[in-house]
Amino acid sequence: MDARHALLGQLIDHAPLFPPASLPLEDALAEHELARQGEHAWLLGRFVVPASRLAELEDARLRLSVVLDETVALLDPRIEAVEVPPGVEPPAYAPAEVYLEGRIEPAFRAKVRCGGARVPSVEELASFVRACRQQRVVFKATAGLHHALPAGGHHGFLNLLAACVFGDEEEALCDDSFELDAESFRWRDSSAGATELARVREELFAGFGSCSFEEPVGELKALGIL
């Protein structure tokens with residue numbers, strides 16, 4: 001397997017309905033369709049939708065991650081994941097993947113917010129990654145990860161990937177020097193091939209939600225990775 005596909009495959013859950021994009025549904029679905037048909041569709045994960053808007057979706061091909069902004073029956077076969085906000089109880093029945101935001105419980109997956117109203121410190125994000133690793137909890141990230149590398153006070157998604165792959169979380173989250181090609185992902189004196197990268201994606205870091213698909217893809221192009 002190409003190491004780039006192992007590390008980045010289905011990495012980005014597309015959330016154009018959410019801030020700061022907040023696109024109208026018709027525009028959001030059109031943008032998602034462009035991503036599905038584009039050259040880099042292999043980076044695309046699920047379409048993220050609030051539970052309150054599930055009934056508006058008619059495209060049978062959509063793969064969905066549903067944010068529980070209200071209580072709904074989660075019987076739609078397109079639902080592959082459920083994201084549970086802070087203070088909300090996880091559903092009694094849900095698809096295989098249930099992500100609890102802001103908490104780590106071994107019976108569920110976890111979700112960390114990397115931007116928006118508040119950007120967590122390097123130390124906070126590093127501690128979260130370590131806790132998930134130690135407790136064997138898979139997590140996803142959301143908000144603030146449009147950049148591949150740290151920029152404008154925001155974390156980089158390559159840094160978060162490196163923290164998961166190589167450890168040394170605080171150092172990895174602060175660096176801006178990584179190499180990724182078909183052979184391996186490299187940082188300082190460490191290197192990981194496709195098998196190890198695929199394992200990390202399966203067992204620790206599922207991916208991240210972004211209201212834009214093109215922005216993170218554009219960052220990877222600018223770095224010569226794509």
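Whatever comes next refers back to the structure up there.
Reading the values: rules and limits
- Residues numbered from 1 in each chain as written.
- Predicted model: local features only at pLDDT ≥ 70, side-chain atom pairs only at ≥ 80, totals over all residues.
- Heavy atoms only, no water.
- Helix = DSSP H or I, 4+ residues; strand = E, 2+ residues; numbered from the N terminus.
- Rg over C-alpha atoms; globule rule 2.2 N^0.38 Å.
- Buried < 20%, exposed > 50% of the residue type's maximum accessible area, 1.4 Å probe, protein only.
- Areas by Shrake-Rupley, 256 points an atom, 1.4 Å probe, with all protein chains shown as cover.
- Lys, Arg positive; Asp, Glu negative; His and termini not counted.
- Charge placed at Lys NZ, Arg CZ, Asp CG, Glu CD.
- Pairing = 2+ DSSP bridges.
- Contact = heavy atoms within 4.5 Å.
- Axes fitted to C-alpha atoms, helices over the stretch in contact; angles between N-to-C directions.
- Salt bridge = Lys/Arg side-chain N within 4 Å of Asp/Glu carboxyl O.
- Polar contact = N/O pair within 3.5 Å; in protein donor to acceptor, adjacent residues only side chain to side chain.

Chemist: Teacher, can you tell me more about the overall build of the protein here?
Modeler: Of regular secondary structure, the protein possesses 7 helices and 11 strands. Relative to its length of 226 residues, the protein is compact, with a C-alpha radius of gyration of 17 Å against a globular reference of 17 Å. When the 226 residues of the protein are sorted by exposure, 51% land in the buried category. Total accessible area computed for the protein in this model is approximately 10,500 Å², and 49% of it derives from carbon and sulfur atoms. Within the protein, one finds 21 positive and 37 negative side-chain charges whose respective centroids are separated by 3 Å.

Chemist: Would you mind going over the environment of Phe 208 with me for this structure?
Modeler: Among the secondary structure elements, Phe 208 is positioned in strand 11 (residues 205-210). Judged by its relative accessible area of 0%, Phe 208 is buried. Phe 208 sits 63 residues away from Leu 145 along the chain, and the two C-alpha atoms are 7.7 Å apart.

Chemist: Just to check I follow, could you spell out the sheet that holds strand 9 (residues 185-187) for this structure?
Modeler: In a beta sheet, neighbouring strands pair by backbone hydrogen bonds and run either parallel or antiparallel. Here we have 3 strands laid out as an open sheet, ordered 8-9-10, and antiparallel in their pairing. Each having just a single partner strand, strand 8 (179-180) and strand 10 (190-192) make up the two edges of the open sheet. By the bridge criterion, 2 bridges tie strand 8 to strand 9 in an arrangement that is antiparallel. Paired with Glu 179 across the strands is Arg 186, a residue of strand 9. The strands touched by helix 4 (residues 157-166) within the sheet are strand 9 and strand 10, with strand 9 carrying the most contacts at an inclination of about 90°.

Chemist: Can you walk me through the sheet that holds strand 1 (residues 12-14) in this structure?
Modeler: One closed barrel accounts for 8 strands, arranged 1-2-3-4-5-6-7-11; its pairing is parallel. Each strand of the sheet is rotated relative to its neighbour by a mean of 30°, with strand direction disregarded. Lying over the sheet, helix 2 (residues 25-37) contacts strand 1 and strand 2 (44-50), oriented at roughly 170° with respect to strand 2. Contacts between helix 4 and the sheet are confined to strand 7 (139-142) and strand 11, with strand 11 contributing the most and set at about 165° to the helix.

Chemist: Is there a simple way to explain the pattern of salt bridges in this structure?
Modeler: In a structure, side chains of opposite charge can pair up when their charged atoms sit close to one another. Applying the stated criterion across every chain yields a total of 26 salt bridges. Arg 46 is paired through a salt bridge with Glu 97; the nearest N and O atoms lie 2.8 Å apart. Within this pair, whereas Arg 46 is found in strand 2, its partner Glu 97 is found in strand 5 (residues 97-101), the two being separated by 51 residues in sequence. By the burial criterion, Arg 46 is buried, and Glu 97 matches it.

Chemist: Whenever I open this one, unusual backbone geometry confuses me. Can you help?
Modeler: Most peptide bonds are trans, and most residues other than glycine sit at a negative phi. A cis amide bond links Pro 19 to the next residue, Pro 20, at an omega of 0°. The backbone phi angle of Ala 143 is positive, close to 65°, even though this residue is not glycine. As for its placement among the helices and strands, Ala 143 is situated in the loop between strand 7 and helix 4. According to the relative accessible area criterion, Ala 143 is buried, its value standing at 19%.

Chemist: Is there a simple way to explain the environment of Arg 61 in this structure?
Modeler: You can see Arg 61 is positioned in the loop between strand 2 and strand 3 (64-67). A relative accessible area of 52% means that Arg 61 is categorised as exposed. For Arg 61, the contacting residues outside a window of four places in its chain are Glu 33, Arg 36 and Gln 37. A polar contact of 3.2 Å, which involves the side chain of Arg 61, links it to the side chain of Glu 33.

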